[in-house]
Amino acid sequence: MRDIPAHKISADDWDEQHSPRPETNDFDRVVEAALSRRGFLGGVLAFGSGAAAMGGALLSGTSARAQEAATRFPFTPIAAQTDFQVHVPEGYVHDILVSWGDPLFDGVQAFDHATGGAAADSDRVFGENTDGMETFVIGAHQIMAVNNEYVNPEINLPQTADGTPASAEDVRKLQNLQGVTVMEIVEGPEGWAPVKGSRFNRRLHHNAPMTIAGPAAGHALLQTEVDPEGLNVLGTMGNCGAGKTPWGTYLTCEENFNGYFGASDGLGGEATVQAGYKRYGIHEQGQYGYEAFDPRFDVSKTPNEPHRFGWVVEIDPTNPDSTPVKRTALGRFKHENAEVTLAPDGRVVVYLGDDERGEFLYRFVSDAPYVPGEDTAHLLNEGTLYVAKFHDDQSGEWLAMTPETTGMELAEMLIFARTAASKLGATTMDRPEWIAVNPNAVEAYCCLTNNKNRGLKTNAGGDATPVGGPNPREANKFGQIVRWYPAGDDHAADGFQWDLYVMAGNPETEEGAYAGSPNVTAGNMFNSPDGMAFDSAGLLWIQTDGEDSNEGEFAGMGNNQQLAGNPVTGEIARFLTAPNGAEVTGLCWSADRRTMFVGIQHPGGHWPGKEGDLPRSSIITVKRADGALVG
Ligand code: FEO
Ligand code: CA
Ligand code: CA
């Protein structure tokens, strides 16, 4: 392994390095499992050089028709790109809404490329690495709530040699640049911009006060010396995808929280705590060096602090004085996004992915229905968490997680949700990223981004990751999107049927399953689907966070991108390409649907500036030149 700082490698690769897991490449078992499905796959399985290959039977019938279907996208698809620019189709224009370091409050200096912004101003500027976001309308105001997922310290602290913080001030600056930004935005003659000094503007960073609610609130595992009641936390972190409730609040999802913690004097604690560290990836060396200057992030000193992260946090963007609330009923894991929908009887259903190789897909169902105008504070506190089990016959079920089914006390079951889900025999997945519910049909989609360990290694809890079901390719390098149809057209039902909407692949360089499903062509190929959302017209937008070398098996895919998918025909078309080095993540629309907001995270080069500038994660606006609707 090259000697590179921990913050320069991706969160999942970092976990991998620090948790070497036994190789359990039992090829006989993999083949056996796959062969047993031969019957329903109609004999299309083939095996070559250790990798199971599959045909189209798991794929939706509609996607098989994709190649013949007439294109009905409202844009002309664009070619793959490898440059350091953003590209959109002809007839569309794009601009910058906001970049890391832009002032949100009066009296803050404009961004300085020499310093990466003053430390003293770092809690009053737009944060780093934009991710999930949603827009809200309050009277005449448009408010955007947006996640700032993590930092690129060598860019944010340009005065340091390699981004390793050298002081408590450096750590504080990094902490301030993350979390959530709430800001008013407005479209003027010069385009869209944040409203500097708006009363709605907030930065909810790593030290912002929050409360803990739901069944785990106050539990001994959440208590610390500073917060003996286990009810009040400082900060939210690893804010990845997002969600929006029907009652107008924002849900921010804490994903790779584990990397912020280290241990100066060993990973102590009782057996349960130690097992939790192992399952959730808390290591002696933190990824960002916080623990050297902030004892809260040193688990040798504050062993319960990591239990206070990994939650979904509810924020009221309309009330700048409100305190965000961590909703423990939704379980603790590496939350990707929180897709909210309603069951026919009004109960609230929240779909939740845990983005780690071999972890699970979850669902929360509230006890009470949502009734517009009535109090909503209890809805995400009282309900049942479920975990998905997929069967090879394309049926599936949601397994209720309760003290009775898991043998764990309720609060502990939610704090160590991964362990509880393992006990139920849930299906280990290829890294569940964003989930999206179709507004025009009772069905949901989840990006399974990739999983190099599929069929080769267990997850951190020792669960096998056999090839099969919606995870049909060994050492899955391209990813796929699974779709499920709830029984009885009810998202709260316990059963479902599933298929694969798309299997990403390379039809030019690969054969068999790695060539991808029939709706993947030389003209639209991509890898590692991640962000995903439906627009109001029913198009499924897919954003990627994958390999952008454009070489080898990734040749022809170019930079990370945003594509549109037709959920009925299965057709997929490339809409936008990001600068090389960036991923595309985060998508929402203006109230009039004439502007699409797209997040560009960790760009390479010096985008969006000029030669010599620091690269800056930014939200861009995309509009039609003729002012027509864009979703
Ligand atoms: Fe923050 Fe799994 O992406
Ligand atoms: Ca993601
Ligand atoms: Ca990703």
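Predicted model, so just to flag it, every value in this text is computed and none were measured.

Thresholds applied
Residues numbered from 1 in each chain as written. Chains lettered and ligands numbered in written order. Predicted model: local features only at pLDDT ≥ 70, side-chain atom pairs only at ≥ 80, totals over all residues. Heavy atoms only, no water. Helix = DSSP H or I, 4+ residues; strand = E, 2+ residues; numbered from the N terminus. Contact = heavy atoms within 4.5 Å. Donors = N, O, S within 2.8 Å, 3.2 Å for Na, K, Ca; no water. Buried < 20%, exposed > 50% of the residue type's maximum accessible area, 1.4 Å probe, protein only. Salt bridge = Lys/Arg side-chain N within 4 Å of Asp/Glu carboxyl O. 1 Å grid on protein atoms, 1.4 Å probe; cavity = no way out; pocket = protein on both sides within 12 Å on 5 of 7 lines; lining within 4 Å. Points joined across faces, edges and corners; volume = space filled by probe spheres on them. Nonpolar A, V, L, I, M, F, W, Y, C, P; charged D, E, K, R; others polar. Pairing = 2+ DSSP bridges. Axes fitted to C-alpha atoms, helices over the stretch in contact; angles between N-to-C directions.

S.K.: What's the story with the environment of Val482 in this structure? I'm lost.
M.R.: For Val482, the location among the structural elements is in strand 22 (residues 480-486). A sequence separation of 18 residues divides Val482 from Leu500, and the C-alpha atoms of the two residues are 4.5 Å apart. The contacts of Val482, once residues within four sequence positions are left out, are Phe390, Ala444, Tyr445, Cys446, Leu448, Pro470, Trp498, Asp499 and Leu500.

S.K.: Looking at this structure, how should I read the coordination of the calcium ion (ligand 3)?
M.R.: Four donors placed tetrahedrally around a metal ideally meet at 109.5 degrees, and six donors placed octahedrally ideally meet at 90 or 180 degrees. The protein atoms donating to the calcium ion (ligand 3) are Glu433 (OE), Asp530 (OD) and Asp545 (OD), with metal-donor distances spanning 2.3 to 2.5 Å. Along the chain, the residues donating to the calcium ion (ligand 3) fall in the pattern E-x96-D-x14-D. Here the calcium ion (ligand 3) and the calcium ion (ligand 2) are spaced 3.8 Å apart, linked through Glu433, which binds each one. With Glu433 in strand 20 (residues 432-437) and Asp545 in the loop between strand 25 (540-544) and strand 26 (561-565), this pair connects stretches of sequence that are 112 residues apart. Looking at Glu433, the relative accessible area reads 2%, which means it is buried. Among the residues examined, Asp545 registers a relative accessible area of 24% and is labelled partly exposed.

S.K.: Looking at this model, I keep getting lost on the pattern of salt bridges. Mind explaining?
M.R.: Charged atoms that come close allow side chains of opposite charge to pair. As enumerated under the stated definition, the model contains 25 salt bridges in all. Between Lys301 and Asp298 there is a salt bridge, with the nearest N and O atoms lying 3.5 Å from each other. Given the relative accessible area of 53%, Lys301 is considered exposed. When the shortest N-O distance is used, the salt bridge between Glu553 and Lys477 registers 3.7 Å. Of this pair, Glu553 sits in the loop between strand 25 and strand 26 while Lys477 sits in the loop between strand 21 (444-448) and strand 22, and the two are 76 residues apart along the sequence. Through salt bridges that share partners, Arg279, Lys334, Asp354, Glu356, Glu359, Arg418 and Asp463 make up one connected network.

S.K.: What should I look at first to understand the layout of surface pockets in this one?
M.R.: Here the idea is plain: a probe the size of a water molecule rolls over the atoms and shows the empty space left. Empty space within the largest pocket amounts to approximately 1200 Å³. Looking at the largest pocket, it is lined by 47 residues, and the ones nearest its centre are Ser10, Ala11, Asp12, Asp13 and Asp545. Elements with a minimum of two residues in the lining of the largest pocket: helix 1 (11-18), helix 5 (153-156) and strand 28 (583-589). Counting residues per element, the lining of the largest pocket draws most heavily on helix 1, at 3 residues. Grouping the amino acids of the lining of the largest pocket by side-chain chemistry returns 11 nonpolar, 17 polar and 19 charged. For the second largest pocket, the calculated volume is near 700 Å³. Lining the second largest pocket we find 32 residues, and of these Glu134, Lys244, Glu339, Phe534 and Arg593 sit closest to its centre. If you list the elements that add at least two residues to the lining of the second largest pocket, you get strand 4 (130-138), strand 11 (239-244), strand 15 (335-342), strand 20, strand 24 (529-534) and strand 28. Of the residues forming the lining of the second largest pocket, the biggest block, 5 residues, is contributed by strand 4. Here the residues of the lining of the second largest pocket are counted per class, giving 18 nonpolar, 9 polar and 5 charged.

S.K.: Before we go on, may I ask you to explain the environment of Val273 in this structure?
M.R.: Looking at the element boundaries, Val273 is found in helix 7 (residues 271-280). With 34 residues separating them along the chain, Val273 and His307 place their C-alpha atoms 9.1 Å apart. Those residues in contact with Val273, other than ones at most four positions away along the chain, are Leu221, Pro303, Asn304 and His307.

S.K.: Just to check I follow, could you spell out the coordination of the calcium ion (ligand 2) for this structure?
M.R.: At this site the calcium ion (ligand 2) is bound by Glu336 (OE), Glu433 (OE), Asp530 (OD) and Asp530 (OD), with donor distances of 2.3 to 2.7 Å. Summarised as a motif, the one-chain spacing of the donors to the calcium ion (ligand 2) is E-x96-E-x96-D. Judged by relative accessible area, which is 1%, Glu336 ranks as buried.

S.K.: Explain the sheet that holds strand 10 (residues 232-234) here, please?
M.R.: Strand pairs in the sheet, formed through backbone hydrogen bonds, run parallel or antiparallel to each other. The 6 strands are arranged 10-9-14-13-12-11 in an open sheet whose pairing can be described as mixed. Either end of the sheet is taken by a strand with one partner, and the two such strands are strand 10 and strand 11. If you compare each strand with its neighbour and ignore which way they point, the axes differ by 35 degrees on average. Here strand 9 (residues 209-213) pairs with strand 10 via 3 bridges, running antiparallel. Looking at strand 10, one finds that Met210 is bridged to Val233.

S.K.: Hey, could you run me through the sheet that holds strand 24 in this one?
M.R.: The sheet built from 4 strands is open, its strands ordered 24-25-26-27 with antiparallel pairing. This sheet does not close on itself; its edge strands, each paired only once, are strand 24 and strand 27 (572-577). For this sheet the average axis-to-axis angle between neighbouring strands, irrespective of direction, equals 25 degrees. Across 4 bridges, strand 24 lies against strand 25 in antiparallel orientation. Paired with Ala533 across the strands is Trp541, a residue of strand 25.

Function-wise, these values are silent; they only describe arrangement.
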